[in-house]
Amino acid sequence: MPALMDFLEAQKEAVLTRWLDLVLDTYAPDTAALWKKNKDPFANPVRFQLESGMRGVLDGLVAGTNPPEASVFAPHLDAIVRVRAVQDFTPSQAVACIFLLKKAVREALWSSVTEQGLFVELLALESTIDVLAQIAFDIYSRCRESIAQLRVDQIRRRYDRLLRRAGLVCDFSGADDAS
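Everything quoted here is computed from the prediction, not taken from an experiment.

**So, the packing of aromatic side chains**
1) Next: Applying the stated rule across the entire model yields four aromatic pairs.
2) Next: Ring geometry for Y27 versus W35: centroids 4.8 Å apart, planes at 75°, classification edge-to-face. In this structure, Y27 and W35 share a single accessibility class: buried.
3) Next: Their ring planes at 65° and their centres at 5.8 Å tell us that W110 and F119 sit as a pair that is edge-to-face.
4) Next: We classify W110 as partly exposed; its relative accessible area is 41%.
5) Next: Members of the aromatic cluster, joined through ring pairs, are Y27, W35 and F89.
6) Next: Over the ring of F89 we find R84, and its NZ or CZ is 4.1 Å from the ring centre.

**What to know about the side chain of N44**
1) Next: Within the element layout of this structure, N44 appears in the loop between α3 (29-37) and α4 (45-62).
2) Next: For N44, a relative accessible area of 2% gives the class buried.
3) Next: A distance of 2.6 Å separates a polar atom in the side chain of N44 from the backbone oxygen of N38.
4) Next: Discounting chain neighbours no more than four positions away, the residues touching N44 are L34, W35 and N38.

**Some remarks on the state of the cysteines**
1) Next: Scanning the model with the defined rule gives zero disulfides in all.
2) Next: Of all cysteine sulfurs in the structure, the one in C143 sits closest to C97, which takes part in no disulfide; the separation is 12 Å.
3) Next: Judged by relative accessible area, C97 falls into the buried class, the value being 1%.
4) Next: Looking at C143, the relative accessible area reads 9%, which means it is buried.

Conventions we followed
- Residues numbered from 1 in each chain as written.
- Predicted model: local features only at pLDDT ≥ 70, side-chain atom pairs only at ≥ 80, totals over all residues.
- Heavy atoms only, no water.
- Phe/Tyr/Trp six-rings, centres within 6.5 Å; stacked < 30°, edge-to-face > 60°.
- Buried < 20%, exposed > 50% of the residue type's maximum accessible area, 1.4 Å probe, protein only.
- Lys NZ or Arg CZ within 6 Å of the ring centre and 35° of its normal.
- Helix = DSSP H or I, 4+ residues; strand = E, 2+ residues; numbered from the N terminus.
- Polar contact = N/O pair within 3.5 Å; in protein donor to acceptor, adjacent residues only side chain to side chain.
- Contact = heavy atoms within 4.5 Å.
- Disulfide = S-S within 2.5 Å.

See the structure below:
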């Protein structure tokens, strides 16, 4: 009896296509339509990043990395989450795209799951996807921390320049010690 991962490997492109469609549907309708239509990686880098990250996640799942190791999946999840971390999504919306993989898998493999009685394997795969979502949330948090630090640094530089122009800051770095 073939295992669920055999079916997943056979249907990997269908799962990837459906997962990508589900994720792109989380954007505004005009944006989603444009990104679905344009497959050029240079003209549409967001789609390219999402698709390449998703492909890597699926490859890792098919390879049977269980329990999922962060070192295997993190680079691929990073490609997905990094795009969404800089966009206008709440944290839950940004990471929810990982859970959409469950829906894509069910839609592509449901007939095989029911015919072969692979419900336990499907639950195990969905548990693995839950762990991937946890890893993705950690990545999202690090991305948002980096963005916040960049903003703080930018504000500091801006105020430092303003204070220097106004002559309200003295630079003592070149002063001689008169001991």
